[in-house]
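Reading the structure
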Amino acid sequence: MSDLRGLDKEIHERMQSKYDPALEQKALDWIAAITGTPAPKVIGKDSAALFTYLKKGVVLCRLLNRISPGVIPEKKIADPPKNMLEE
């Protein structure tokens, strides 16, 4: 991220200073426990594990259905999804 300047750089640095890998792992483990989907292990300090885990949206849909059953019909949850969040 060396191409960041000014306010963007300050915001990025502030976010990185508040980032806690242990908290990210705790969130991943919590989601995995509820959904039954294996969670990745956090490596480094870039929050890539959480982003990659949730990127397809399938895990999020399953999480929502476990919290509030029937919110998203199972037939609508595609793995791999037709549309996926770009990096």
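Values in this document were obtained by computation on a predicted structure and should not be read as measured data. (Residues numbered from 1 in each chain as written. Predicted model: local features only at pLDDT ≥ 70, side-chain atom pairs only at ≥ 80, totals over all residues. Heavy atoms only, no water.)

Further remarks concern the overall build of the chain. From N to C terminus, the chain includes 4 helices and 0 strands. Summing over all exposed atoms, the chain offers an accessible surface of approximately 6800 Å²; the carbon and sulfur share of this is 57%. (Helix = DSSP H or I, 4+ residues; strand = E, 2+ residues; numbered from the N terminus. Areas by Shrake-Rupley, 256 points an atom, 1.4 Å probe, with all protein chains shown as cover.)

What follows deals with the nonpolar core. Counting residues in hydrophobic clusters, the biggest one holds 10 residues: Tyr-19, Leu-28, Ile-31, Ala-32, Val-42, Ala-49, Tyr-53, Leu-54, Val-59 and Leu-63. Taken together, the elements giving at least two residues each to this core come down to α2 (21–35), α3 (48–54) and α4 (58–67). Each residue touching Leu-54, except ones within four places of it in the same chain, is listed here: Ile-31, Val-59 and Leu-60. (Core = buried A, V, L, I, M, F, W, Y, C linked by side-chain atoms within 4.5 Å. Buried < 20%, exposed > 50% of the residue type's maximum accessible area, 1.4 Å probe, protein only. Contact = heavy atoms within 4.5 Å.)

The next thing to look at is the side chain of Glu-24. For Glu-24, the location among the structural elements is in helix α2. Among the residues examined, Glu-24 registers a relative accessible area of 5% and is labelled buried. With near-sequence residues (within four places) excluded, Glu-24 lies in contact with Tyr-19, Val-42, Ser-47, Ala-48, Ala-49 and Leu-50.

Looking now at the side chain of Thr-35. If you trace the backbone, Thr-35 turns up in helix α2. A distance of 3.2 Å separates a polar atom in the side chain of Thr-35 from the backbone nitrogen of Thr-37. Not counting residues up to four positions away in its chain, the partners in contact with Thr-35 are Tyr-53, Val-59, Arg-62, Leu-63 and Arg-66. (Polar contact = N/O pair within 3.5 Å; in protein donor to acceptor, adjacent residues only side chain to side chain.)

Before going further, it helps to examine the packing of α2 against α4. Running from amino to carboxyl end, α2 crosses α4 at an angle of 65°, the nearest separation of the two axes being 9 Å. For the pair α2 and α4, the crossing hand works out as left-handed. Here α2 contributes Trp-30, Ile-31, Ile-34 and Thr-35 to the contact with α4, which in turn contributes Val-59, Arg-62, Leu-63, Arg-66 and Ile-67. A breakdown of the residues in the contact of α2 with α4 according to their chemical character gives 6 nonpolar, 1 polar and 2 charged. (Axes fitted to C-alpha atoms, helices over the stretch in contact; angles between N-to-C directions. Left-handed = near helix turned anticlockwise from the far one by under 90°. Nonpolar A, V, L, I, M, F, W, Y, C, P; charged D, E, K, R; others polar.)

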